[in-house]
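Observations on the model geometry
Here are the chains, one letter per residue:
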Amino acid sequence: MKNSVCFLLILFSLHCFSCDDDESTGPMQSNDSINKIMPLGASRVQGARPSFESYRYELWKLLLDGGYEFDYIGTREDEANYPTYQDRTFDDDHEGRGGWRSDQILDGIEDWIAEAGIPDIVLFSSPGGNDMLQGRSYEQAIDNINDIIDILQADNPSITIIIEQLAPGKTEIMDAELTNAFNMMQVDVVEIANQQSTISSNVIVVDMATGFNDNLLADNVHYNQAGAEFIADRYFEVLEDILE
């Protein structure tokens, strides 16, 4: 990979080692809430305030404003501080791990579900993004994404999976190799959703790329405040149609 991609690998690795030591130590209690939502992915899900933002907090506020009953679930919690909203404390449960690839998510997903509970809705962020940045096999990433969806649907045959057409990185790092892989993934995500959707389980594509630009990034790949709001808005547009 070119120098820019190598730089990204170092960046993602630093976030992986600095933010990945807060695993829960025991199983969570049974969760009977409706609309259990699992934000799933890597550093764009995890966030790292004040360096860069996750979309989760902005989406949480939109869902509260909409009057929806929901619960974020996951085995991870933030150490960052978030202002209260509507006199509520931010629900910071999630399943985001900085620097993780699709194979690592695949290896962990069954254990995370066993601990956090079975989600009704999964927000599958930037699928294959770190695979591309780390020069891993594109074909294997596609297989891993399909396998992750298979596991989610096996645990909950009525699950809704919202999968991103991922937002690009900053223009200066999107060289020809990375851009080609990025463009391929945007097309293949649609094919994955079409093939994996069943009568009871919808796999829905959300376009995070159209309209996304450098002004929405805190660094080469992560969201700033405006970027977090952009991503949250796109998720909310889909969730409005499916939440109970």
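Note that the structure is predicted; figures quoted are calculated from it, not measured. (Residues numbered from 1 in each chain as written. Predicted model: local features only at pLDDT ≥ 70, side-chain atom pairs only at ≥ 80, totals over all residues. Heavy atoms only, no water.)

1. Some points on the overall build of the chain
Looking only at helices and strands, the chain features eight helices and six strands. When the elements of the chain are put in sequence order from the N terminus, they spell out α-β-α-α-β-β-α-β-α-α-β-α-β-α. Burial analysis of the chain (244 residues in total) assigns 57% to the buried set. Taking all contacts inside the chain whose residues are at least 6 apart in sequence as the whole, residues at least 24 apart take part in 78%. (Helix = DSSP H or I, 4+ residues; strand = E, 2+ residues; numbered from the N terminus. Buried < 20%, exposed > 50% of the residue type's maximum accessible area, 1.4 Å probe, protein only. Contact = heavy atoms within 4.5 Å.)

2. Digging into helix α7 (residues 176–196)
Residue pairs spaced three or four apart in an α-helix point in one direction, given the helix's 3.6 residues per turn. The terminal C-alpha atoms of α7 lie 30 Å apart, and with 21 residues this matches the ideal 30 Å at 1.5 Å per residue to within 8%. Those residues of α7 lying buried are Leu 178, Ala 181, Phe 182, Met 185, Gln 186, Val 189, Ile 192, Ala 193 and Gln 196. (Expected span 1.5 Å × (residues − 1).)

3. A look at the pairing of strand β5 (residues 160–165)
Of all six residues in β5, six are buried, a share of seventy percent or more. Residues Thr 160, Ile 162 and Glu 164 line one face of β5 and the alternating positions Ile 161, Ile 163 and Gln 165 line the opposite face, and both faces are buried. By the bridge criterion, four bridges tie strand β4 (residues 121–124) to β5 in an arrangement that is parallel. Paired with Leu 123 across the two strands is Ile 162, which belongs to β5. With five bridges joining them, β5 and strand β6 (residues 203–207) adopt parallel strand pairing. Residue pairing across strands places Ile 163 opposite Val 205, the latter belonging to β6. Since β5 and β6 lie parallel, the crossover through α7 that links them has a hand, and here it is right-handed. (Pairing = 2+ DSSP bridges. Right-handed = clockwise from strand over helix to strand, strands pointing away.)

4. Description of the pattern of salt bridges
Considering all chains together, one arrives at six salt bridges under this definition. Its salt-bridge partner being Arg 49, residue Glu 53 comes within 2.8 Å of it at the nearest N-O pair. (Salt bridge = Lys/Arg side-chain N within 4 Å of Asp/Glu carboxyl O.)

5. Details of unusual backbone geometry
The residue after Arg 49, namely Pro 50, is reached through a cis peptide bond having omega 5°. Mapped onto the elements, Pro 50 comes out in the loop between α2 (43–46) and α3 (56–65). With a phi close to 50°, Gln 86 is a non-glycine residue in the positive phi region. Note that Gln 86 resides in the loop between β2 (71–72) and β3 (95–96). On the basis of relative accessible area, Gln 86 is assigned to the partly exposed category, the value being 39%.

On their own, these measurements won't tell you what the molecule is for.
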